[in-house]
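Structural overview for review
As a plain string of letters, each chain reads:
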Amino acid sequence: MAYRKTPAEIRRLEAAREHLIACATSVVAEVGWSQASVTAVADSAGIAAGSVYQHFPSKAALAVEVFRRAAGREVEVLGEVLHGPGDPVERLVRGVEVFARRALENRGLAYALLAAPAEPAVGAERLDFRRRYRALWAEVVREGMAGGQLPAQNGEITAAALTGAIGEVLVDPLGTPDEKATGELLTELTATALRCAGAAPAA
């Protein structure tokens, strides 16, 4: 008869796995993907390096899980904003502001998610999540067109342009903290997003 883990053992393993993911996320935010070795993550978690492989078959598998968790949370937050109150243009502006502020408040992790060199498995996840961002922007652009707040356009192309532009604009500021410039950056970024979608400038 095969051995079956008890509920207490399953809970312990799940807690250990969650702790490992949290520690790995912190390491990635601090040193990037390339320096986030299994040893560095294990040291942060207070376990032996070999114990990492009890939860993940490889460093790449752990990195993918870290990316999915962190990026998934950002997609979730953006979705909540873009599906929230206000007309489509107001939600578009609020979405840009919230996404940018969250990135600037956690620069190391945001840079890792957006641009830091990573192994192919993480790069593939990046492409998938860019598609998710594009889908969210495209939805609000289509709503704006339907309601007359935005001119007729190809919503998919506009959404792709927004996704690329927002990420590109943030890359350099993420590496050079300047709290004084944050307000100006957000103003310029939202103005750019409005122009991209063909909306009237914010009052």
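Residues numbered from 1 in each chain as written. Predicted model: local features only at pLDDT ≥ 70, side-chain atom pairs only at ≥ 80, totals over all residues. Heavy atoms only, no water.

Some details on the side chain of Glu 65
Note the cut-off: Only DSSP runs of H or I reaching four residues or more are called helices, and only runs of E reaching two or more are called strands; each is numbered from the N terminus. A contact between two residues is defined here by any heavy atoms of the two lying within 4.5 Å.
Counting through the fold element by element, Glu 65 comes out in helix H4 (residues 59-82). Glu 65 has contacts with Arg 17, Ile 21 and Phe 56, leaving out every residue within four places of it along the chain.

Remarks on helix H5 (residues 88-105)
Quick reminder of the rule: Helix span, as expected, comes to 1.5 Å for every residue beyond the first. Any residue under 20% of the maximum accessible area for its type is buried, any over 50% is exposed, and the rest in between are partly exposed; the area is computed with a 1.4 Å probe on protein chains only. Here a polar contact is recorded for every N or O atom pair within 3.5 Å, except that within protein the pair must consist of a potential hydrogen donor and a potential acceptor, and residues adjacent in sequence are included only if both atoms are side-chain atoms.
If you check H5, its first and last C-alpha atoms are 25 Å apart, about what 18 residues at 1.5 Å a residue would give, namely 26 Å. Three or more residues of H5 are buried, namely Pro 88, Val 89, Arg 91, Leu 92, Val 93, Gly 95, Val 96, Phe 99, Ala 100, Ala 103 and Leu 104. Where H5 begins, the side chain of Asp 87 points an oxygen toward the backbone nitrogen of Val 89, at a separation of 2.9 Å.

With respect to the packing of helix H1 (residues 7-31) against helix H2 (residues 38-45)
The angle between the axes and the distance between the axes are what describe a pair of packed helices. The condition is simple: Axis lines are fitted to C-alpha atoms, over the contacting stretch for helices. Their N-to-C directions set the angle, which ranges from 0 to 180 degrees. Roughly parallel means an angle under 35 degrees; roughly antiparallel, over 145; roughly perpendicular, 65 to 115; everything else is oblique. By the definition used in this description, the sense in which the near helix is turned from the far one sets the handedness, with an anticlockwise turn below a right angle giving left-handed and a clockwise turn giving right-handed. Gly is placed with the polar residues, together with every amino acid not listed as nonpolar (Ala, Val, Leu, Ile, Met, Phe, Trp, Tyr, Cys and Pro) or charged (Asp, Glu, Lys and Arg).
Where H1 contacts H2, the axes come no closer than 9 Å and their chain directions differ by 120 degrees. Of the possible angle classes, the one that applies to H1 and H2 is oblique. In this structure, the crossing between H1 and H2 has a hand that is right-handed. The segment H1 lies against H2, with His 19, Leu 20, Cys 23, Ala 24 and Val 27 engaging Ala 40, Val 41, Ser 44 and Ala 45. Each residue belonging to the contact of H1 with H2 can be placed in one class, and the counts come to seven nonpolar, two polar and no charged.

Focus on the packing of H4 against H5
Relative orientation of the contacting elements H4 and H5 amounts to 155 degrees, with a least axis distance of 8 Å. Classified by the interaxial angle, the pair formed by H4 and H5 is roughly antiparallel. Regarding H4 and H5, the two cross each other, and that crossing is right-handed. Contacts between H4 and H5 involve Arg 73, Glu 74, Val 77, Leu 78, Val 81 and Leu 82 from the former and Arg 91, Leu 92, Arg 94, Gly 95, Val 98 and Arg 102 from the latter. Looking at the contact of H4 with H5 residue by residue, the classes come out as six nonpolar, one polar and five charged.

Overview of empty space enclosed by the protein
Test applied: Lining residues are those with an atom within 4 Å of a point, where the points come from a 1 Å grid over the protein atoms alone and group into cavities, where a 1.4 Å probe fits but cannot get out, or pockets, open sets with protein on both sides within 12 Å along at least five of seven lines. Grid points are joined across faces, edges and corners, and a volume is the space filled by probe spheres set on the points.
Within the structure shown, the criterion is met by one cavity of 30 Å³ or more. Approximately 80 Å³ is the volume found for the largest cavity. Along the walls of the largest cavity sit Ala 24, Val 28, Trp 33, Ala 36, Val 41, Lys 59, Leu 62, Ala 63, Val 66 and Glu 119, which together make up its complete lining. Top contributing element to the lining of the largest cavity by residue count: H4, with four residues. Class assignment for the residues of the lining of the largest cavity results in eight nonpolar, no polar and two charged.

What about the layout of surface pockets?
Here the largest pocket is characterised by a volume of approximately 400 Å³. Forming the boundary of the largest pocket are 23 residues, of which Glu 74, Phe 99, Leu 113, Leu 114 and Tyr 133 lie nearest the centre. Within the residue set of the lining of the largest pocket, elements represented by two or more residues are H4, H5, helix H6 (107-114), helix H7 (120-147) and helix H8 (155-175). The class makeup of the residues in the lining of the largest pocket is 13 nonpolar, three polar and seven charged.

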